[in-house]
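# Descriptive analysis of the structure
Each chain is listed here by its residues.
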Amino acid sequence: MGYRPGKRLKKAAMGTGVVLLLAALNAPAAIGFAEEQYHEYRISRPGYQARYGSWQVQDTPDSYRLNAIHATVLHTGKVLLIAGSGNDEKQFDAGTFRTILWDPVKNSYEEIPTPADLFCAGHTQLADGRLLVAGGTARYELLDGDVERAGGRMLVKNEDPDESVRLKKGTGFIAPSGLVYRTTAAVTVPAAEKKTARGGKAVVTAAEANVFVEAEEEGRGYVQDRQAQYAVEGLAGKEADNVYGLAQKLSMDKQDFQGIKDTFEFDPVEERYVRVDPMDKARWYPTLVTLPDGKVLSVSGLDESGEILYGDNEIYDPETKKWSEAPNRYFPTYPALFLTAGGKLFYSGANAGYGPADRGREPGIWDLKDNSFTTVPGMTDPDQLETAGSLLLPPAQDQRVMVLGGGGVGESAKSTPRTSIIDLTEDRPAYRDGPSLPQGTRYLNSVIMPDDTVFTSGGSEDYRGRGASDIKKAQFYDPATNAFTPAADPEVGRNYHSEAVLLPDGRVATFGSDSLYGDRANTRPGTFEKRIEIFTPPYLHKADDATRLKIGAGPERPERGREATYEVEGAERVAKARLIRPGSVTHVTDVEQRSIQLDVRKSAGKVTVTVPEDPSLVPPGWYMLFVADGKGVPSEAKWVHVP
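Report follows, based on the coordinates. On a predicted model such as this, the values are computed, not experimentally measured, just so you know. (Residues numbered from 1 in each chain as written. Predicted model: local features only at pLDDT ≥ 70, side-chain atom pairs only at ≥ 80, totals over all residues. Heavy atoms only, no water.)

Take the overall build of the protein next. Assigned secondary structure in the protein consists of 7 helices and 49 strands. Here the protein has a C-alpha radius of gyration of 27 Å; the compact-globule value for 643 residues is 26 Å, and the two agree. Taken across its 643 residues, the protein has 55% of its residues classed as buried. If you take every contact in the protein between residues at least 6 apart in sequence, the share linking residues at least 24 apart comes to 61%. (Helix = DSSP H or I, 4+ residues; strand = E, 2+ residues; numbered from the N terminus. Rg over C-alpha atoms; globule rule 2.2 N^0.38 Å. Buried < 20%, exposed > 50% of the residue type's maximum accessible area, 1.4 Å probe, protein only. Contact = heavy atoms within 4.5 Å.)

Structure representation (structure tokens):
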């Protein structure tokens, strides 16, 4: 039998009247209430919090509560929470797209005008501190039985080498039968390519662009099950000969979410979105990852027709604000790609879903220079990497990646407690099993802490919390001991569309959750979790504000490979220093966060650190500089910019 408090303790915790009432009524409900009250008492005790930490739900005004789909810590210390339409089709239809800027120090909120539906976009931190946000939602999915108009991808061809062509939204494509299908978005087709072949003969290669079209009227009479060429409404003569459409089929099958090409930089100083050149490909569920030179790779996603992109990747140049073609390689949507030493990318195998179950799901090392991909063996439960968490373990110099939990492809009920770890410094890297999670877990959020532990929380055992399967548990993973230890239980469950980030003061903030159902029987639709809950780690409950390390004056822009000296209160107690790249997370995918070990030299009231030279280890950008004492208690972060 578990421990039960004595009567005296019950009186202290709940009041004499409650205890007497319980004894008199002997009511199970009352006993449950008493146990709940005792639990609240127990978790509020200093000794408990110093061992397990504590949680607190933020007091957020109703007008600022939103469906947080994306969360990014900015170098101003504020957190950008992006909902877009927030997986709410009514909001999408109304054109209501939201972003909230939250200040965790003041617990203040600001509504940011949101220029497009950035729901399910990709994002990453640029070297200057701006946040690049690319892609989002052009259209919500239509399930089988809900499709009323036949539709599909139209490949638009332009054989004119002298001029591009732009077709506005609603342009009609006319089938040989005379049936008309209209575009759901505007489309621009570049001019055709003209080359001179041997003998002086000109050869023209038509330019192409894709657009989604749907039937002008409802009904199965508009279904086209054979490839055909379509004339463009309103064009005549030579123009009609040069510009036309090709479609394999136009059906009433399920239509997936569709992506957009829109790209923005969010300016954290001006606190506004700035539109830049769009991507060449529309993307929904893409991953964006910063490269050693500060450019950004955009990978995967669903296009403007709702079809997965089969390897059409792009690179963004922050200097020119333009995109260019990247090496072609296919991945499922939201693949977890980590920048590793030497500039190669490691695909952990974790992803967020869309794409065939038998393609692109093997983890491996991707060399962008020659576009080679080397698979790595050893993964347990390789069919359960969808909705898995993964991260580059601290410190980043060790080049070890961990995968935690995950589930089967699509709406599978499968979930695994497996964790796997790979050491990329080995001659033949291979995954090895780590310690198991307490149970099978999908959607687990993992956050690198300043004391070199990894804090993990939330998740659900079934797809999107189905069957009331949210896991209200948290734990710490210690890379040094390769073991989990329990942390305090959160009040709020988190599954699909949830996020967790490290705050500059050393706490962890959690957001979102999008349960499919709201009851165990799966009969009532779920509601989006709008509460923000903050975890205060044990090290802060052990800390004395008067003696906690404090970083003072020092260079804001430490140079690579050179020493930088900072004034530190309590410098003689500093045991370690870390640069932690701020998190930028969606769908449990956070390829941004990393913790870099710094060499430390101490003197009277000062600490001198050295930033590694390798930009593949320390990508350019803003970082949180933490120092910690021998007990693992960190300072608050000082923001520094590594160019």
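Locating His497 in the fold gives a position in the loop between β37 (483-486) and β38 (498-502). Along the chain, His497 and Phe511 lie 14 residues apart, while their C-alpha atoms are 8.5 Å from each other. In contact with His497, not counting residues within four places along its chain, are Ala68, Ile69, Asn87, Phe119, Cys120, Phe511, Gly512, Ser513, Asp514, Phe528 and His587. Of the polar contacts made by the side chain of His497, one reaches the side chain of His587; its length is 3.1 Å. (Polar contact = N/O pair within 3.5 Å; in protein donor to acceptor, adjacent residues only side chain to side chain.)

The topology assignment puts Thr183 in strand β12 (residues 180-183). There is a polar contact of 3.2 Å between the side chain of Thr183 and the backbone oxygen of Lys168. Each residue touching Thr183, except ones within four places of it in the same chain, is listed here: Lys168, Lys169, Gly170, Thr171, Phe173, Val211, Phe212 and Val213.

To continue, consider the nonpolar core. Core analysis: the largest hydrophobic core is formed by 51 residues, its most contacted members being Leu297 and Leu579. Look past the residues within four positions of Leu297 in its chain and what remains in contact with it is Thr287, Leu288, Val289, Leu291, Asn313, Glu314, Ile315, Ala326, Leu345, Trp366 and Leu368. Membership of the second largest hydrophobic core comes to 40 residues, among which are Tyr48, Leu81, Ile532 and Tyr539. (Core = buried A, V, L, I, M, F, W, Y, C linked by side-chain atoms within 4.5 Å.)

Moving on: the pairing of strand β48 (residues 621-629). Burial within β48 is extensive, with 9 of its 9 residues counted as buried. Examined bridge by bridge, strand β43 (residues 574-580) and β48 share 6 bridges and lie antiparallel to one another. Pairing of Val574 across the sheet is with Asp629, part of β48. Note: β48 against strand β49 (residues 638-642), 5 bridges, orientation antiparallel. Each bridged residue has a counterpart across the sheet, and for Tyr623 the counterpart in β49 is Val640. (Pairing = 2+ DSSP bridges.)

One open sheet holds the 4 strands; their spatial order is β26-β27-β28-β29, and the pairing between them is antiparallel. With partners counted over all chains shown, the strands left at the sheet margins are β26 (337-339) and β29 (372-375), one partner each. The mean angle between the axes of side-by-side strands here comes to 25°, regardless of whether they run parallel or antiparallel. Here 4 bridges tie strand β28 (residues 364-367) to β29, and the two strands are oriented antiparallel to one another. Each residue of the ladder has a partner; that of Asp367, found in β29, is Ser372. (Axes fitted to C-alpha atoms, helices over the stretch in contact; angles between N-to-C directions.)

A separate point is the environment of Phe257. With respect to the helices and strands, Phe257 occurs in the loop between β18 (243-247) and β19 (258-259). Through-space distance from the C-alpha of Phe257 to that of Tyr140 is 4.8 Å; in sequence the pair is 117 residues apart.

Another aspect to go through is unusual backbone geometry. The omega torsion of the bond from Pro394 to Pro395 falls at -10°, within 30 degrees of zero and hence cis. Mapping Pro395 onto the fold places it in the loop between β30 (389-392) and β31 (400-404). Not every positive phi belongs to a glycine, and Asn107 is a case in point at roughly 50°. Here Asn107 is to be found in the loop between β4 (98-103) and β5 (108-113). Classification of Asn107 as partly exposed rests on a relative accessible area of 22%. For Tyr443, which is not glycine, the phi dihedral falls at a positive 65°.

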